[in-house]
Amino acid sequence: MFQNTLTSKYLFAAFLLLSSIAKAQDDVYQVKYDDGPVKLDGKLSEPRWVAAKAMQKFTQLFPSDSLPATYQTEIFLSFDDKNIYVGAIMRSENDQFIVPTLQRDFRAGGSDNVTFIFDTFQDNTNAFLFGTNPMGVRREALLSNGAVDNSFFNRFWDNKWAGEAFIGENYWSCELVIPLSTLRYKKGSQNWNFKAYRFDTQSGETSVLVRQPQNQIPPNLGYSLPITFEKPLPNPGRNVSLIPYATASYSKDVEEGGPAKKGAGIGGDAKIGITSGLNLDLTVNPDFSTVEADQQIINLTRFDVTFPEQRQFFLENSDLFTTYGSFNLNPFVPPGAGRISGGNDQIFTPFFTRKVGIAFDSTTGTNVQSRILYGARLSGKLDDNWRVGVLNTMTAGDEDLGIDAANYTVATLQRRVFQRSNVSAIFVNNQLGTDPESQNVFNRVAGLEFNLNSINTKWQGKAFYHQSFDSKPKDDAYAHGITLNYITRGFVAKWQHDIMGAGFDAVSGFVPRSDFTHINPTFGFNRYPREGALIRWSYGFAWDQYFKPGIGSTDLKAGPFLAMNFRNTSSALVSVNQNYTYLFADFDALRSNKELPVLKEGSGYKYYSLETTYVTDRRKKLTAAVRPMVGGYFNGNILSLNTSFTYRLQPYMLTTLNVAYNKIDLEEGSNTVFVVGPRVEVTFNRKLFWTTFVQYNTQFDNLNVNSRLQWRFAPVSDFFLVYSDNYNTNLGGLKNRAIVAKLTYWLNL
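Position numbers for residues start from 1 in each chain and track the written sequence from start to end. Given that this is a predicted model, residues contribute local features only at a pLDDT of at least 70 and side-chain atom pairs are listed and counted only at 80 or more, while totals for whole chains, interfaces and linings are drawn from all residues. Side-chain calculation: all heavy atoms of the structure are included, whereas hydrogens and water are not.

## With respect to the overall build of the protein
1) Next: Across its full length, the protein holds three helices and 43 strands.
2) Next: For the radius of gyration, the atoms used are the C-alpha atoms, and the globule rule reads 2.2 Å times the number of residues raised to 0.38. Whereas a compact globule of 749 residues would reach a radius of gyration of roughly 27 Å, the protein reaches 27 Å, a difference of no more than 12%.
3) Next: A principal-axis box enclosing the C-alpha atoms of the protein has dimensions of 95 × 60 × 55 Å.
4) Next: The classification of residues rests on relative accessible area computed with a 1.4 Å probe and restricted to protein chains. Under 20% of the type maximum is buried, over 50% is exposed, and intermediate values are partly exposed. The buried share of the protein, taken over its 749 residues, is 52%.
5) Next: Here the contacts in the protein between residues at least 6 apart in sequence split such that 59% fall between residues at least 24 apart. Comment: elements are numbered from the N terminus, with helices defined as DSSP H or I runs of at least four residues and strands as E runs of at least two. The criterion used for residue contact is that any of the two residues' heavy atoms lie within 4.5 Å.

## Some remarks on the packing of aromatic side chains
1) Next: Ring geometry is summarised as follows: Phe, Tyr and Trp rings, the Trp one being its six-membered ring, pair when their centres sit within 6.5 Å, and such pairs are stacked at plane angles under 30 degrees, edge-to-face over 60 and tilted between the two. Under the defined criterion, the tally for this structure stands at 35 aromatic pairs.
2) Next: Note on phenylalanine 130 and tryptophan 161: the rings are 5.1 Å apart at their centroids and 75 degrees apart in plane angle, and the pair reads as edge-to-face. Residue phenylalanine 130 is located in strand 6 (residues 127–132), and its partner tryptophan 161 is located in the loop between strand 8 (153–154) and strand 9 (162–168); the two are separated by 31 residues in the primary sequence.
3) Next: Overall, tryptophan 161 belongs to the buried group, its relative accessible area being 5%.
4) Next: An angle of 80 degrees between the planes, with centres 5.8 Å apart, marks the rings of phenylalanine 674 and tyrosine 696 as edge-to-face. Placement of the pair is phenylalanine 674 in strand 38 (residues 669–683) and tyrosine 696 in strand 39 (residues 688–697), with a sequence separation of 22 residues.
5) Next: A relative accessible area of 24% means that phenylalanine 674 is categorised as partly exposed.
6) Next: Taking relative accessible area as the criterion, tyrosine 696 reaches 28% and is therefore assigned partly exposed.
7) Next: Only lysine NZ and arginine CZ atoms are considered, and such an atom sits over a ring when it is within 6 Å of the ring centre and within 35 degrees of the ring normal. Cation over ring: arginine 311 sits above phenylalanine 288, and NZ or CZ is 5.0 Å from the ring centre.
8) Next: Just above the ring of tyrosine 528 sits the side chain of arginine 489; from NZ or CZ to the centre is 3.9 Å.

## Observations concerning the environment of leucine 721
1) Next: Positionally, leucine 721 belongs in strand 41 (residues 717–728).
2) Next: In this structure leucine 721 comes out as partly exposed when scored by relative accessible area, which is 38%.
3) Next: If near-sequence neighbours (up to four positions away) are discounted, leucine 721 is found in contact with Ser707, Arg708, Leu709, Ile739, Val740 and Ala741.

## Looking at the pairing of strand 26 (residues 459–470)
1) Next: The pairing of strand 25 (residues 442–453) with strand 26 spans 11 bridges and is antiparallel. The partner of glycine 447 across the bridge, within strand 26, is histidine 466.
2) Next: The hairpin turn running from strand 25 into strand 26, its antiparallel successor, is five residues long, and threonine 457 in that turn takes a positive phi close to 65 degrees.
3) Next: Sheet topology note: the strand 26/strand 27 (residues 478–487) ladder contains nine bridges and is antiparallel. For tryptophan 459, the partnering residue across the bridge sits in strand 27 and is tyrosine 486. Following DSSP output, two strands are said to pair if at least two bridges run between them.

## A few points about the nonpolar core
1) Next: Only buried residues count toward a nonpolar core. Its members are Ala, Val, Leu, Ile, Met, Phe, Trp, Tyr and Cys residues joined through side-chain atoms within 4.5 Å. Among the nonpolar cores identified, the biggest contains 46 residues, and Ile75, Leu77, Ile84, Phe116 and Phe194 are the most heavily contacted of them.
2) Next: Residue assignment for this core shows that the elements contributing at least two residues are strand 1 (29–33), strand 3 (73–79), strand 4 (83–91), strand 5 (113–119), strand 6, strand 10 (171–179), strand 11 (191–200) and strand 13 (225–229).
3) Next: Here isoleucine 75 is in contact with Tyr29, Lys53, Ala54, Met55, Phe58, Val86, Gly87, Ala88, Phe116, Phe194 and Ala196, once residues within four sequence places are set aside.
4) Next: Counting residues in each nonpolar core, the second largest holds 25 residues, with Phe321, Tyr324, Tyr408 and Tyr546 among its members.

## Examining the environment of serine 111
1) Next: Structurally, serine 111 is set in the loop between strand 4 and strand 5.
2) Next: A relative accessible area of 2% means that serine 111 is categorised as buried.
3) Next: A C-alpha to C-alpha distance of 29 Å links serine 111 and valine 31, two positions 80 residues apart in sequence.
4) Next: Those residues in contact with serine 111, other than ones at most four positions away along the chain, are Ile98, Pro100, Phe106, Phe199 and Thr201.
5) Next: Within polar-contact distance, the side chain of serine 111 engages the backbone oxygen of alanine 108 at 3.2 Å. For this analysis, a polar contact is any N or O atom pair within 3.5 Å, provided that within protein one partner can donate a hydrogen and the other can accept it, and provided that sequence-adjacent residues contribute only side-chain to side-chain pairs.

## Some thoughts on the pattern of salt bridges
1) Next: We count a salt bridge whenever a side-chain nitrogen from Lys or Arg sits within 4 Å of a carboxyl oxygen from Asp or Glu. Per the stated rule, a full pass over the model turns up 26 salt bridges.
2) Next: Aspartate 158 serves as the salt-bridge partner of arginine 712, at 3.1 Å between the closest nitrogen and oxygen. Here the residue arginine 712 occupies a position in strand 40 (residues 702–714), and aspartate 158 occupies one in the loop between strand 8 and strand 9, the gap between them amounting to 554 residues.
3) Next: Look at arginine 712 and you get buried, because its relative accessible area is 11%.
4) Next: Classification of aspartate 158 by relative accessible area gives buried; the value is 10%.
5) Next: One salt bridge in this structure joins aspartate 665 and lysine 663, with 3.0 Å as the shortest N-O distance.
6) Next: A residue is classified by how much of its surface remains accessible, and aspartate 665, at 27% relative accessible area, is partly exposed.

This is the structure in structure tokens:
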């Protein structure tokens, strides 16, 4: 009897085990092989879509994270020897969709769209993102570091693929054809991770294929679905692309005088797939004159600020080179709600790609653009656990401007540990000059880091140590620190500290200050009302402080905050801060750039401020982001207002007005400084775009006009016509003018 009972228990346990295995196998989506033709019209009428199984049962991420989506989405995948095919049907209430613009690489929030993500190495860390909207406008991006924060979303990446959409009765659908050569994956692999999310303006919902908590952003790679291909994926082939360009230009510097300059140039890039996971990027005499102009700001701090990298050569696998160092990435503030103390500031990084091509003009004491002669970059996956990156670029010198030629060499190595974490190392060498004497002038940085990401994103963090080496040795040339975030649905806590010695320097990186100890603890609570206009409100306390040996506290920003997310997708943030600032040098706190009194070195100031942010419902035709600040400022007061108003005439015109206004009253005097920047984007169709950006900056008495016409005549192949003017608003008259025409063509060999 006992033996029979025992046997029955074992049989029952075996049955449960087999049942769970069968269920797990059912949960893995199988991508079927189909080499039949596809008519790319977005209608999903081909046999491959009938044969493919649907991925469905989307759940809400916003405004709830526990309910099914009001309007469901169905996704189908298939493949052949050359492409991955994605089909999707998005159910809707009617055919009234929000599509603000026909220009590629649109922002997802506030519009109707769907996004598909392929984690080709199943590391939950790096992935390729593709998206489209009801008008068939496409976007793509590279995701890194698990996509746990929007800063790890690189939307400037561009590559070849195709897609179309169709609007039907109470639905819209899309078809995507993604060449295997566009992706990086292990030859012969059959298992990837996949995820998808959708913005639906009719229901006001964000929905996801794999349920995830509301306090995580939609692309977070910790919440993915395993997929398996019916047969091993083929080698994508040679995967060689040439991207030549030709330019013609006219420029005139009225202030300096002299004749106008006419020029022409040729150059190009190449992308070579060394292996299915490793890519070699080459560039010769690159020209970046057509890259979109940066939005000007009023910098009220004593330190430099950074702008994002947009140049294509530096983008693929950019996280291997640019995520080293220390960042104040705040784990608490909801996306779109703005910043609180210490939020999203770059404390330092040993390599900042925008330094390449920027040199110091010793004749004027300003930064100027320097010509890049060549660049080579090898980056990507060696296998499931190892990633590598090697970069070398050379910039030209200019004797008239006192600019030395410079060589930048970077080598990085990354080893995956656990499921989503990694250990990584970097070496950066900046070598000045080309003659034998100046070859001894160098700056080098070596660093080792551990990056922590738990599979459910509950734990995030970093520990690092960096050492710099100069041709003239310096003492205390180190930087180290630790960041640890604990994130749950209802509670968030963060500890961060950074210590940098007085001798640490990274010429190729971004080091706004040295010789400090920095702490940034933050904690907060999330609450989720079941009824009413609020769907989430959060409160907590943030503390951001710097200390300097021999002085003590030099900077402090600390206080409580309240963040609110509303059911209509608007959001608000309020923080009250105690501030303290100690000046290491004389400082023009009035931001006048004129012979007005400045605050003196060695003085310290304690003051209080109230900061708010309000972002309106982005589904409306007129939207706004308003960020006022009022209170103390050094030994006086400040009234600051940063606003952005956007009006859409969908889908052909998008107009934006950016205003940064600062009224400063100090004991030494008063000043009002502001930037006004109207911007007009006209999209005639999905291939022809015209953007005009005007910026009036009172801090520099400058009016800038930048107008760019772009014709995408073939996939990732463009003709640009760019016109730029700068006017002196104080003295009147033109300062300089430039016109550039550029033709670039993407050729697959």
